[in-house]
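Coordinates in review
The residues making up each chain are set out below.
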Amino acid sequence: MSHPQDTLEIDIEKAALLETAVEPSSGPGAARRPAIRVPLHIVAANHASLLRPTRPIIRYFLAGAIFFMSYWVLSSLHGGRFAHVIPGYVWEARAAEVRAAFQHAYHSYELLGFPHDEIKPISNDTSDQFNGWGVTALDSLDTMIIMGLDEELQRALKHLEKLDFFSHDKSVPFFETVIRYLGGLLSTWHLTKLPLTLKQADNLGLALLPAFNTSIQFPSYSVNPVTKEVDGAWSGHANFGLAESASCQMEYKYLAKLTGRTEFFDAAQNVMDGLLEMQDPDTQMWSQWISDEGSKPVAKARPQFSVGAGGDSAYEYLLKQYLLSGKSEPQMLEMYLSSIRGVITNLLYVSKQRNLLYVTDIAYSKPDRASKILVPVPSGDLEHLSCFLPGLLALGAHTLRDIPENVFPAEERKLHLDIAKGLATTCYLVYADSFTGLAPD
């Protein structure tokens, strides 16, 4: 979704109003227009009537049904309204369809691709871009358990038993390996308490740990488990990526708790401490690209801020670290709330034509060659990856209700939930407005 000519910059105050308006399409030197005031609850409520008569009636019937489901999920977090509307047997039938879809895809992978990482759906060729350890199988372990697919689970566990991470004499991408393999193993341990899964999670955590041996102790792009050499493949942008550095803490802190290895916790926490020091004082966010200045992390000279690719899971992991710790890490709560305030103030926009609330990214650049001042320029793009944000905001609004009023006021929690509804509606429409029913990237 990219319509910068139809967007308005949004600055959200405590009164839950969308207040300052400017057209980003006019360029960095554009003059500000008069301020507008749009009550956020009105924007969110109006989303239900935004479908225009450009599709057959059957598409609108289906679109309305999907939207109602999305709204029900969000509203159930805020008082349980509509929870009685959809009976249990309907959910059971839908669950059976999802289970059948998984079996269809996974059995095809087992037949044509296993033990490679992936199968290409058109050519049926295989791909090993995630180390060749069978990522489809290991990243699906917890899904198999939840779906009750014991036969598939046992076959995958036999494969897991044979893996030796320490003998892999090639560079492995740290971020991808952590979120897919290590996360999959830890989820499986949590659900089953199978000793094999914790043993292999511990082995993998140790094999990847040298990735933190960098000048600022942020993890490198990749690491060789045998030689322990690291590779900063992001050198074209900067030495470290935000999401790549700040999306291992859930896994490594949980692994530290399970194994008692303090080095796991310390490695993950060092990144959080570094990010706290370099949190941008104006936006309260973090640049997507991070450089090293001696032993300290610093933002790229021309920072970029986004909750899309390169930034998304860094913000997600803040709240989840706090919840994972049993709400015992106040630093994570402080970083989550302050950064989300920055996101709301700087990255939220409303489209002119349909009043759709969406989140975009900004980059700092000079308005002209003579200028020495960098100004924020929004792209006007909505990334598909950014559609995690409404779920994160709803999760925070639901789980942080016991936080003291002076830390997270009730009106701010309501604002988070209202924004979540608006963004979820927009993300749904990206699918519903597509002729194929598939959203663009």
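Worth saying up front: this structure is predicted, and the values here are computed from it rather than measured. (Residues numbered from 1 in each chain as written. Predicted model: local features only at pLDDT ≥ 70, side-chain atom pairs only at ≥ 80, totals over all residues. Heavy atoms only, no water.)

**Topic: the packing of aromatic side chains**
The condition that has to hold: Paired rings are identified among Phe, Tyr and Trp, the last through its six-membered ring, by centres lying within 6.5 Å, and are further divided according to the angle between planes into stacked (under 30 degrees), edge-to-face (over 60) and tilted (the rest). Strands are runs of DSSP state E lasting at least two residues, helices are runs of H or I lasting at least four, and both sets are numbered from the N terminus onward. The rule is simple: take the accessible area with a 1.4 Å probe, protein chains only, and divide by the maximum for that residue type; under 20% is buried, over 50% is exposed, in between is partly exposed.
Per the stated rule, a full pass over the model turns up 13 aromatic pairs. An angle of 15° between the planes, with centres 6.4 Å apart, marks the rings of Phe174 and Tyr252 as stacked. Of this pair, Phe174 sits in helix H7 (residues 174-192) while Tyr252 sits in helix H10 (residues 249-259), placing them 78 residues apart in sequence. Taking the relative accessible area as the measure of exposure, Phe174 reaches 1% and is therefore buried. Aromatic pair Phe212 and Tyr252: ring centres 5.7 Å apart, planes at 85°, arrangement edge-to-face. On the criterion of sequence distance, the pair formed by Phe212 in the loop between helix H8 (195-208) and strand S7 (222-223) and Tyr252 in helix H10 is long-range, its members being 40 residues apart. On the accessibility criterion, Phe212 (7% relative accessible area) is buried. Residue classification places Tyr252 among the buried residues on the basis of a relative accessible area of 0%. These aromatic residues form a ring-pair network of at least three members: Phe102, Tyr106, Tyr109 and Phe114.

**Things to note about the sheet that holds strand S9 (residues 240-241)**
Applied cut-off: Any two strands with at least two DSSP bridges between them are considered paired.
The strand order S9-S10-S11 describes an open sheet built from 3 strands, whose pairing is antiparallel. One side of each edge strand has no neighbouring strand; the edge strands of this open sheet are S9 and strand S11 (296-299). Direction of pairing for strand S10 (residues 289-293) relative to S11: antiparallel, over a ladder of 4 bridges. Each bridged residue has a counterpart across the sheet, and for Glu293 the counterpart in S11 is Lys296.

**Here we look at H7**
What counts, and what does not: By definition here, a helix of n residues has an expected span of 1.5 Å times n minus one. The bend reported for a residue corresponds to the angle between axes fitted to the seven residues ending at that residue and the seven starting there.
Over its 19 residues, H7 runs 26 Å from end to end, which matches the ideal 27 Å to within 8%, given 1.5 Å per residue. In the structure, H7 departs most strongly from a straight axis at Gly183, where the bend amounts to approximately 30°. Where H7 is concerned, the buried positions are Phe174, Phe175, Thr177, Val178, Tyr181, Leu182, Gly183, Gly184, Leu185, Leu186, Thr188 and Trp189. Phi turns positive, to about 60°, at Lys193, one or two residues after H7.

Everything listed here is a matter of coordinates, which is why it stays silent on function.
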